[in-house]
Amino acid sequence: MKVLITGTTQGIGQAIAKLFLDRGHLVIGIDRQAAGICHENYTHYQCDVRDKTHLPEVQGVEILINNAGTQNEDDIDINLKGLITITERYGVQEKIRSILNIGSASAHTGAEFPEYCASKGGVLAYTKNTAKRVAPFGATCNSLDPGGVLTPLNAVVMEDPVLWAEIMEETPLKKWATPEEIAEWAYFLTVVNTFCTGQNILVDGGESINHHFVWSE
């Protein structure tokens, strides 16, 4: 299938792109940075998801995965408005089979920077809106909302022993996901799944259910 993925240079987006390539799909990547993947079935466009005038002409996308995102840098414009731009241009059309938006556990808990939480919260609502509109094509649309993932962008806390210990204390499974784990979820929700739609799938190691109950012994 023809798969369009945004934010493919590193981290989750790169892992998703590599998994789809390994399984025989044609992958088109969009990222502000130069290509981080070299493969005969991979085409890379270096551009910004906010730049409507310079987005590539790509027809017949069957799977769209909106992964491009940022933190504390025009979060609303990139994480939400850019995602909407990409989806309306490539996703809401008759050949589409599945759309997946990479959200965040923070959209469910509000436990992060204000604009980031707001941008990802918007993704959750927009996912449901889009699911209704692509259903007549027989297509699904969901969001995949990770908690902590072991990516370069999270190195600031991963490499700090004190912060890392505190984070693990708040995470029941005592670990973060690898990008490859998240990629498997993305593949399942877009290729294997044909009936789950309009849902916000939380994958966070149990962080969001870790409510401390304090009582006298």
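Quick summary incoming for the structure in this document. Only a predicted model underlies this, so the values are computations on that prediction, with no experimental measurement involved. (Residues numbered from 1 in each chain as written. Predicted model: local features only at pLDDT ≥ 70, side-chain atom pairs only at ≥ 80, totals over all residues. Heavy atoms only, no water.)

Observations regarding the packing of aromatic side chains
Phase 1 of the analysis: Within the structure shown, the criterion is met by two aromatic pairs.
Phase 2 of the analysis: Ring geometry for Phe-20 versus Tyr-187: centroids 4.9 Å apart, planes at 50°, classification tilted. Residue Phe-20 is found in helix α1 (residues 11–22), and its partner Tyr-187 is found in helix α7 (residues 179–192); the two are separated by 167 residues along the sequence. Taken as a pair, Phe-20 and Tyr-187 share a single burial class, namely buried.
Phase 3 of the analysis: Ring geometry for Trp-164 and Trp-176: centres 4.9 Å apart, planes at 80°, overall edge-to-face. Of the two residues, Trp-164 is situated in helix α6 (residues 161–169) and Trp-176 in the loop between α6 and α7; the sequence distance between them amounts to twelve residues.
Phase 4 of the analysis: Among the residues examined, Trp-164 registers a relative accessible area of 23% and is labelled partly exposed.
Phase 5 of the analysis: Above the plane of the ring of Tyr-187 lies Arg-23, whose end atom (NZ or CZ) is 4.5 Å from the centre. (Phe/Tyr/Trp six-rings, centres within 6.5 Å; stacked < 30°, edge-to-face > 60°. Helix = DSSP H or I, 4+ residues; strand = E, 2+ residues; numbered from the N terminus. Buried < 20%, exposed > 50% of the residue type's maximum accessible area, 1.4 Å probe, protein only. Lys NZ or Arg CZ within 6 Å of the ring centre and 35° of its normal.)

Describing α1
Phase 1 of the analysis: Helix length check: α1, at twelve residues, gives a terminal C-alpha distance of 17 Å against a target of 16 Å (1.5 Å per residue), a fit within 8%.
Phase 2 of the analysis: The set of residues buried in α1 consists of Gly-11, Ile-12, Gly-13, Gln-14, Ala-15, Ile-16, Ala-17, Leu-19, Phe-20 and Leu-21.
Phase 3 of the analysis: The secondary structure elements touched by the buried residues of α1 are β1 (2–6), β2 (26–31), β3 (42–46), β4 (63–66), β5 (98–102) and α7.
Phase 4 of the analysis: A positive backbone phi angle near 90° is found at Gly-24, which sits one or two residues after α1. (Expected span 1.5 Å × (residues − 1). Contact = heavy atoms within 4.5 Å.)

Focus: the packing of helix α2 (residues 75–91) against helix α4 (residues 114–134)
Phase 1 of the analysis: Their axes nearest at 8 Å, the elements α2 and α4 cross at an angle of 15°. By the criterion of interaxial angle, the relationship of α2 to α4 is roughly parallel. Relative to α4, the crossing made by α2 is right-handed. Residues Asp-75, Ile-76, Asn-79, Leu-80, Leu-83, Ile-84, Thr-87, Glu-88 and Gly-91 of α2 form the contact with α4, whose own contacting residues are Glu-115, Tyr-116, Ala-118, Ser-119, Lys-120, Gly-122, Val-123, Tyr-126, Thr-130, Arg-133 and Val-134.
Phase 2 of the analysis: The residue inventory of the contact of α2 with α4, partitioned by class, reads nine nonpolar, six polar and five charged. (Axes fitted to C-alpha atoms, helices over the stretch in contact; angles between N-to-C directions. Parallel < 35°, antiparallel > 145°, perpendicular 65-115°, else oblique. Left-handed = near helix turned anticlockwise from the far one by under 90°. Nonpolar A, V, L, I, M, F, W, Y, C, P; charged D, E, K, R; others polar.)

With respect to unusual backbone geometry
Excluding glycine, a negative phi dihedral is what most residues carry, and trans is how most peptide bonds are arranged.
Phase 1 of the analysis: The backbone phi angle of Asn-72 is positive, close to 65°, even though this residue is not glycine.
Phase 2 of the analysis: Within the fold, Asn-72 resides in the loop between β4 and α2.
Phase 3 of the analysis: Residue class for Asn-72 comes out exposed when judged on its relative accessible area of 54%.

Overview of α7
Within an α-helix, residues lying three or four positions from one another point in the same direction, as the helix has 3.6 residues per turn.
Phase 1 of the analysis: Its 14 residues give α7 an end-to-end C-alpha distance of 19 Å, which sits within 8% of 20 Å, the value for a rise of 1.5 Å per residue.
Phase 2 of the analysis: Listing the buried residues of α7 in full gives Pro-179, Ile-182, Ala-183, Ala-186, Tyr-187, Leu-189 and Thr-190.
Phase 3 of the analysis: On the buried face of α7, the contacting elements are α1, β4, β5, β6 (140–146) and β7 (200–203).

Some remarks on the side chain of Ser-104
Phase 1 of the analysis: Examined against the element boundaries, Ser-104 turns out to sit in the loop between β5 and α3 (106–109).
Phase 2 of the analysis: Judged by relative accessible area, which is 5%, Ser-104 ranks as buried.
Phase 3 of the analysis: At 3.0 Å, the side chain of Ser-104 and the backbone nitrogen of Ser-106 are in polar contact.
Phase 4 of the analysis: With near-sequence residues (within four places) excluded, Ser-104 lies in contact with Tyr-116, Lys-120, Asp-145 and Pro-146. (Polar contact = N/O pair within 3.5 Å; in protein donor to acceptor, adjacent residues only side chain to side chain.)

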